[in-house]
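Remarks on the overall topology
The chain contents come next:
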Amino acid sequence: MGLGFALAGRGLEDQLMRTTRVLSSLRVPTDVRAGGVGRAGRAVGAGLLVLAAAASPAVADSSPSASPSDDGAGPTSAGTSFRTATEVDQGQQATASASMGDYLYWSFPADAGQRPTVRATVKLPDAHASATWQVDVYDGLRRRQACQYGAQTRTAAQDAASVELSCTLRTVRAWSEPWADDPLPGTYYVRLTTVGLKAADLGLPVSAEVQVDSKDVGGAAAVDGSLAEPLVPGVAVAAKGGDSDEDSETSVAVLSSIEPDDGWASGWWSDRWVWTGVGGVLAALAGVGGYSLTRGRSARPAP
């Protein structure tokens, strides 16, 4: 048994020596040239190169995803309820002509790790009294979501040409407790209406513009766990019916046909994976560098 341990130790030493020679072939500039210290410096330099290469995609992934969609112009109408909400993709500008007093509804998809921002502009008629406009956002369970910041409600002064509203939601989480009111992946609804409208202004023509953009927060919003299905209208009925019932009446219950460009749960990859991998690589390099530093340049004894 003692001979087996000796051979195993000698094999590990040979492997470490080969790894050290590979790292020594990397010509990383360093001012330390003495024995094992120089090899440790080269190992640390190689680790820094790996860190810089791995951090580059992580920084790129955290950029805002607010580019317009490639599908062309957005919809030119709005729904009048949750069930008839007009679907609009992120980055598209939806327009609608309506009357003062109408409830206008749109829906859009939001995935985990995104922080959506809803912007609405209402162009008012030439003559009107002061009125308060409000934009509300609901999730797939029709729970009203609080705005993190933005002018969700504004009062248009008398004879004002337009009024602008905005609402930035909290970051969409992949999973949360059942009692929590956190935003979850799925379909979100935008409702635009006026409150406290005077009877004389009821029915006056207006035009509305709505656009939804989002910022990809990345690994900072990552949580342990995920939903089995996104909160999309009709997803439970579709999962129960299966592919064999496409022609049945149950397929009509699927109300939403929009989803993120990369599919639902596209945010499973985050920069946490990158930093975890980089930490493992640096730990391995530190071990090899420490071995080289403590062993030095002592000659290997002849067998």
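The text that follows walks through the structure, step by step, so that each part is easy to find. These numbers come from a predicted model, not from an experiment. (Residues numbered from 1 in each chain as written. Predicted model: local features only at pLDDT ≥ 70, side-chain atom pairs only at ≥ 80, totals over all residues. Heavy atoms only, no water.)

With that settled, the discussion passes to the overall build of the protein. In terms of regular secondary structure, the protein is built from four helices and 12 strands. When contacts within the protein are restricted to residue pairs at least 6 apart in sequence, long-range pairs at least 24 apart make up 72% of them. For the protein, the accessible area works out to roughly 17100 Å², and carbon and sulfur atoms hold 56% of it. (Helix = DSSP H or I, 4+ residues; strand = E, 2+ residues; numbered from the N terminus. Contact = heavy atoms within 4.5 Å. Areas by Shrake-Rupley, 256 points an atom, 1.4 Å probe, with all protein chains shown as cover.)

With that settled, the discussion passes to the pairing of strand E5 (residues 114-123). Buried residues dominate E5, accounting for seven of its 10 residues. Pairing of E5 with strand E12 (residues 205-216), which is carried by 10 bridges, proceeds in the antiparallel orientation. When the bridges of E12 are listed, Thr117 appears paired with Asp213. Here seven bridges tie E5 to strand E10 (residues 162-169), and the two strands are oriented antiparallel to one another. Across the sheet, residue Val122 finds its bridge partner in E10, namely Val163. (Buried < 20%, exposed > 50% of the residue type's maximum accessible area, 1.4 Å probe, protein only. Pairing = 2+ DSSP bridges.)

Under the defined criterion, the tally for this structure stands at four aromatic pairs. On the basis of an interplanar angle of 85° and a centroid distance of 5.3 Å, the ring pair of Phe82 and Tyr189 is categorised as edge-to-face. Residue Phe82 is located in the loop between strand E1 (64-65) and strand E2 (86-87), and its partner Tyr189 is located in strand E11 (residues 186-195); the two are separated by 107 residues in the primary sequence. Judged by its relative accessible area of 18%, Phe82 falls in the buried class. Taken together, the ring pairs in this structure connect Phe82, Tyr105, Tyr138 and Tyr189 into an aromatic cluster. (Phe/Tyr/Trp six-rings, centres within 6.5 Å; stacked < 30°, edge-to-face > 60°.)

Let us look at the pattern of salt bridges. Under the definition given, this model contains eight salt bridges. For Asp139, the salt bridge is made with Arg143, and the minimal N-O distance between the two is 2.7 Å. For Asp139, a relative accessible area of 1% gives the class buried. (Salt bridge = Lys/Arg side-chain N within 4 Å of Asp/Glu carboxyl O.)

With 31 residues, the main nonpolar core has Trp106, Phe108, Val118, Trp133 and Leu192 as its most contacted residues. Secondary structure elements with two or more residues in this core: strand E3 (93-99), strand E4 (104-110), E5, strand E6 (131-138), E10, E11 and E12. Ranked by size, the runner-up nonpolar core spans five residues in total, among them Phe82, Ala85, Tyr105 and Tyr189. (Core = buried A, V, L, I, M, F, W, Y, C linked by side-chain atoms within 4.5 Å.)

Okay, the side chain of Ser214 next. With respect to the element layout, Ser214 can be found in strand E12. By relative accessible area, Ser214 is classed as buried at 4%. A distance of 2.5 Å separates polar atoms of two side chains, one belonging to Ser214 and the other to Gln90. (Polar contact = N/O pair within 3.5 Å; in protein donor to acceptor, adjacent residues only side chain to side chain.)

Per the counting criterion, the structure on display carries one disulfide. Cys147 shares a disulfide with Cys167; S-S distance 1.9 Å. Around the S-S axis, the bridge from Cys147 to Cys167 shows a dihedral of about -105° and counts as left-handed. Note that Cys147 is positioned in strand E8 (residues 147-149) and Cys167 in strand E10, a separation of 20 residues in sequence. Among the residues examined, Cys167 registers a relative accessible area of 0% and is labelled buried. (Disulfide = S-S within 2.5 Å.)

This part covers the environment of Val137. Inspection of the secondary structure puts Val137 in strand E6. Assessed through its relative accessible area of 0%, Val137 is described here as buried. Excluding residues within four positions of it along the chain, Val137 makes contact with Val118, Arg143, Arg144, Gln145, Cys167, Leu169, Tyr188 and Tyr189.

Our focus in this paragraph is unusual backbone geometry. Backbone geometry places Arg142, a non-glycine residue, at a positive phi of 60°. Assignment of secondary structure puts Arg142 in the loop between E6 and strand E7 (144-145). Classification of Arg142 as partly exposed rests on a relative accessible area of 44%. In the Ramachandran plot, Asp159 falls in the positive-phi region, its phi being about 65° despite a non-glycine side chain. Relative to the assigned elements, Asp159 resides in the loop between strand E9 (153-156) and E10. Overall, Asp159 belongs to the partly exposed group, its relative accessible area being 47%.

On to helix H4 (residues 271-295), then. Taking 1.5 Å of rise per residue, 25 residues should cover 36 Å, and H4 covers 36 Å from first to last C-alpha, within 8% of that figure. Within the span of H4, buried status applies to Val274, Val278, Leu285, Val288, Gly289 and Ser292. (Expected span 1.5 Å × (residues − 1).)

No statement about biological role is implied by the geometric values presented.
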